[in-house]
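One-letter residues, chain by chain:
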Amino acid sequence: MATFLDRLLGRPERRAFQPTIPTRFPAVVTPNTALSLTAVYRAIQIIATPISKMTIDTYRFATGVELKIDNPVLVNNPSLDQNRRDFLFQTVSSLALEGNAYWFKNYGSNGQVNNLTILPANAVQPSWPKFSDGTTDYSYVVYDYLGKRYTKREIEHLRIFSQAGVLLGISPIASCSKDISAAIDLRDYAGNWFTSAGVPTGVLKTNSMINKAEAEEVTANWHNKQQNRQVAVLGNGFDYQQIALSPKDALFTEVQDQQVQAVARLFGVPARLLLTSVPGASDTYTNLQDENQVFYRHTLMAYTDAITDALSNCLPRGNRVEFDFEHLFKADVAARYNYYKVAIDAGILTAEEVRTKEGLNV
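None of the values given here were measured: they were computed from a predicted structure.

Caption draft 1: Structural context of the overall build of the protein chain. Each helix and strand counted, the protein chain has 15 helices and eleven strands in total. Within the protein chain, the fraction of its 362 residues that count as buried is 33%.

Below, the structure written as structure tokens:
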């Protein structure tokens, strides 16, 4: 604070300390940094978990009729190195985080695929090969992995969002990296608010004129008393005013809720599953049921369709696989039993078929 003589002579004001604004850099968005956000971690888990537990059925087309057959070993257990649940979960995670997933195919003595291995998506580089004259050959795609080149026969490429003329799939994180970066910045800024945000914990005020040495002495004495949890005595007209925020303001709750809603929108996950809500939304039973149906059809199916197409490509020609969504679409018990009664009365289902659907002994 400037003295009377300083003001009289027009000298610049000198403070006991100069406040500084901490240096901030925008967050670098990668799959790992994105996963550090609780909303992203939870959104991917919500998508991957039901898919990893769903039943997969196999169908064979022959003589003009498609029939359901017993699953081949590859469908029940695609990888010899891990269980089916982990294989599907990691495939979905790779699609959500990287936009791409790659399966390395091993063949048995019968010429059929007998094992699939998930490759790190960031280690595989698809491209169109070059002719000897340097022009591009667009007739097929090659995949470079750990210094070796493979073709589609060895590697199955899965994508959830593709564009014409672009080999790599586009992930939600890469496409909307600025939204993810803003969420990370806000999380970090809120977490560092009390330590490195450049905001003091309080202000010591006085109406008396003091010089720099006196200000530094009072400040040092105050810090010493507070660190040792001792009684602070303020003299010479000093008054302490604490700078405090409510927990809601300190955590930027409203803005963080908006960021969570943005992540939910990005991954196609109902906001309520991320423990937030959209203003004006109604959480009636019917609305929740409809919301689940939309989630299953427009979010989960984007991943299951990619997986079923890829897995079908690994089976002999004429065979295909399909995820069974029936257990996810099941209504409550009363609604299902009413549906079964109508179906039985109309001759659409038999009592034995109903018991089979419900997992009961026939």
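Caption draft 2: Inspection of the sheet that holds strand 5 (residues 124-127) at higher detail. Strand order in this open sheet of three strands is 5-6-7, and the pairing throughout is antiparallel. The open sheet has two free edges, formed respectively by strand 5 and strand 7 (148-151), since each of these has just one partner strand. The mean angle between the axes of side-by-side strands here comes to 30°, regardless of whether they run parallel or antiparallel. Examined bridge by bridge, strand 5 and strand 6 (residues 142-145) share four bridges and lie antiparallel to one another.

Caption draft 3: Summary view of the side chain of Glu156. Tracing the chain through its elements places Glu156 in strand 8 (residues 155-159). The buried category is assigned to Glu156, whose relative accessible area is 2%. Within the structure, the side chain of Glu156 is placed 3.1 Å from the side chain of Lys105, a separation counted as a polar contact. Leave out the neighbours within four places in its chain, and Glu156 touches Ala101, Tyr102, Trp103, Lys105, Ala310, Asn313 and Cys314.

Caption draft 4: The arrangement of the layout of surface pockets in detail. Of the volumes computed, that of the second largest pocket is approximately 320 Å³. Around the second largest pocket, the lining comprises 16 residues; the ones closest to its centre are Leu37, Thr38, Ala39, Gln256 and Val260. At five residues, helix 11 (residues 253-267) tops the list of elements feeding residues into the lining of the second largest pocket. Class assignment for the residues of the lining of the second largest pocket results in eight nonpolar, five polar and three charged.

Caption draft 5: Up close: helix 3 (residues 38-53). Compared with the 22 Å implied by 1.5 Å per residue over 16 residues, the 23 Å span of helix 3 between its first and last C-alpha is a close match. All of the buried residues in helix 3 are Ala39, Val40, Ala43, Ile44, Ile46, Ile47, Ala48, Pro50, Ile51 and Ser52.

Caption draft 6: Structural context of the pattern of salt bridges. Applying the stated criterion across every chain yields a total of eight salt bridges. Among the charged side chains, a salt-bridge network with shared partners connects Glu66, Arg320 and Glu322.

Caption draft 7: Highlighting the sheet that holds strand 8. In spatial order, the strands read 4-3-8; together these three strands make up an open sheet with antiparallel pairing. Of all strands in the sheet, those with a lone pairing partner are strand 4 (113-119) and strand 8, marking the two edges. This sheet shows a mean twist of 30° between the axes of neighbouring strands, independent of strand direction. As defined by bridge partners, strand 3 (residues 100-107) adjoins strand 8 across five bridges and the pair is classed as antiparallel. The residue of strand 8 that forms the bridge with Tyr102 is His157.

Caption draft 8: Up close: the environment of Gln259. With respect to the helices, strands and loops of the structure, Gln259 is situated in helix 11. Spatially, the C-alpha atoms of Gln259 and Leu186 are 8.9 Å apart, while their sequence positions differ by 73 residues. In this view, Gln259 contacts Asp179, Ala182, Ala183 and Leu186; residues no more than four positions away in its chain are not counted.

Reading the values: the criteria
- Counting starts from 1 at the beginning of each chain's written sequence and moves along it residue by residue.
- A pLDDT threshold of at least 70 governs which residues receive local features in this predicted model, and a stricter bar of 80 or more applies before side-chain atom pairs are shown or counted, although totals over entire chains, interfaces and linings include all residues.
- Hydrogens and water are ignored here; the side-chain numbers use all heavy atoms of the structure.
- Think of it this way: any DSSP run of H or I at least four residues long counts as a helix, any run of E at least two long counts as a strand, and we number them from the N terminus.
- Buried, partly exposed and exposed residues are distinguished by accessible area as a fraction of the type maximum, computed with a 1.4 Å probe on protein chains only: under 20%, between the cut-offs, and over 50%, respectively.
- Whether two strands pair depends on DSSP finding at least two bridges between them.
- For every element, the axis is a line fit to its C-alpha atoms; helices are fit only across the contacting stretch, and the angle between N-to-C directions ranges from 0 to 180 degrees.
- Each polar contact in these results corresponds to two N or O atoms within 3.5 Å; when the atoms are within protein, one needs to be able to donate a hydrogen and the other to accept it, and residues that are neighboring in sequence are counted only if both atoms are side-chain atoms.
- It only takes one pair of heavy atoms within 4.5 Å for two residues to be counted as in contact.
- Definitions used throughout: a 1 Å grid over protein atoms alone; a cavity as a set of points that fits a 1.4 Å probe which cannot get out; a pocket as an open set with protein on both sides within 12 Å along at least five of seven lines; a lining residue as one with an atom within 4 Å of a point.
- Grid points are joined across faces, edges and corners, and a volume is the space filled by probe spheres set on the points.
- Amino acids outside the nonpolar list (Ala, Val, Leu, Ile, Met, Phe, Trp, Tyr, Cys, Pro) and the charged list (Asp, Glu, Lys, Arg) are all regarded as polar, and Gly is one of them.
- One less than the residue count of a helix, multiplied by 1.5 Å, gives the span that helix is expected to have.
- Any Lys or Arg side-chain nitrogen found within 4 Å of a carboxyl oxygen on Asp or Glu counts as a salt bridge.

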